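What follows is the residue order along each chain.
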Amino acid sequence: MHHLLLSLATTPTPLPTPTLREGISEDQVTPGLLGFIMTAFFVVATALLIVDMVRRIRRVRYRAQVEEDRMAAAAAADVEAAEAAEAGAAEAGAPGQQARGGAAQGTADDGTDPAQDQRP
């Protein structure tokens, strides 16, 4: 029994030669020129879409970077302007008055004098 199984396992069986059915030519089962053209079209279209997408992503990144730089410069300019305003208010203030928050102590937020606004 083992001898039979061993001989069946080791004896190669020949594979049939691949042939087409009668009445079918090789041109009917291959993609042909039309298949090649369609495949080439899809490859070229995909490559162009990828190039366009990469260009748009770079443009968005560049715009975001420019916007961040602009915002940082504007913030730095605001800080410098606030410091200059505080320094100017401190120099222009009357003796005995100190500058606080960029405005003199003698005025309220609406521009009126708080001493005049006292009611009995």
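Basis of the calculations
Residues numbered from 1 in each chain as written. Predicted model: local features only at pLDDT ≥ 70, side-chain atom pairs only at ≥ 80, totals over all residues. Heavy atoms only, no water. Helix = DSSP H or I, 4+ residues; strand = E, 2+ residues; numbered from the N terminus. Buried < 20%, exposed > 50% of the residue type's maximum accessible area, 1.4 Å probe, protein only. Areas by Shrake-Rupley, 256 points an atom, 1.4 Å probe, with all protein chains shown as cover. Patch = residues over 30% accessible without salt bridge, like charges linked within 9 Å, V, L, I, M, F, W, Y side chains within 5 Å. Salt bridge = Lys/Arg side-chain N within 4 Å of Asp/Glu carboxyl O.

Undergrad: For this particular structure, what's the right way to read the overall build of the chain?
TA: Per the secondary structure count, the chain includes two helices and two strands. Secondary structure elements in the chain, listed N-terminal to C-terminal, are α-α-β-β. Burial status across the chain gives 1% buried among its 120 residues. Accessible surface computed for the chain: about 11,400 Å², of which carbon and sulfur atoms make up 62%.

Undergrad: Sorry, what's going on with a nonpolar patch on the surface here?
TA: Among the surface-exposed residues, L34, M38, F41 and F42 lie close enough to one another that they form a single nonpolar patch of about 450 Å² accessible area. Here M38 shows up in helix α2 (residues 32-92).

Undergrad: Whenever I open this one, the pattern of salt bridges confuses me. Can you help?
TA: A side chain with one charge can pair with a side chain of the opposite charge if their charged atoms come near. Per the stated rule, a full pass over the model turns up three salt bridges. With its nearest N and O atoms 2.9 Å apart, the salt bridge here joins D52 to R55. Here D52 pairs with R55, and both are found in helix α2, just three residues apart, close to one helical turn. Given a relative accessible area of 22%, D52 falls into the partly exposed group. Salt-bridge contacts for R56 lead to D52; the nearest nitrogen and oxygen are separated by 2.9 Å. Residue R56 and its partner D52 are both found in helix α2; the two are separated by four residues, about one turn of the helix. When salt bridges with common partners are traced through the structure, they connect D52, R55 and R56 into a single cluster.

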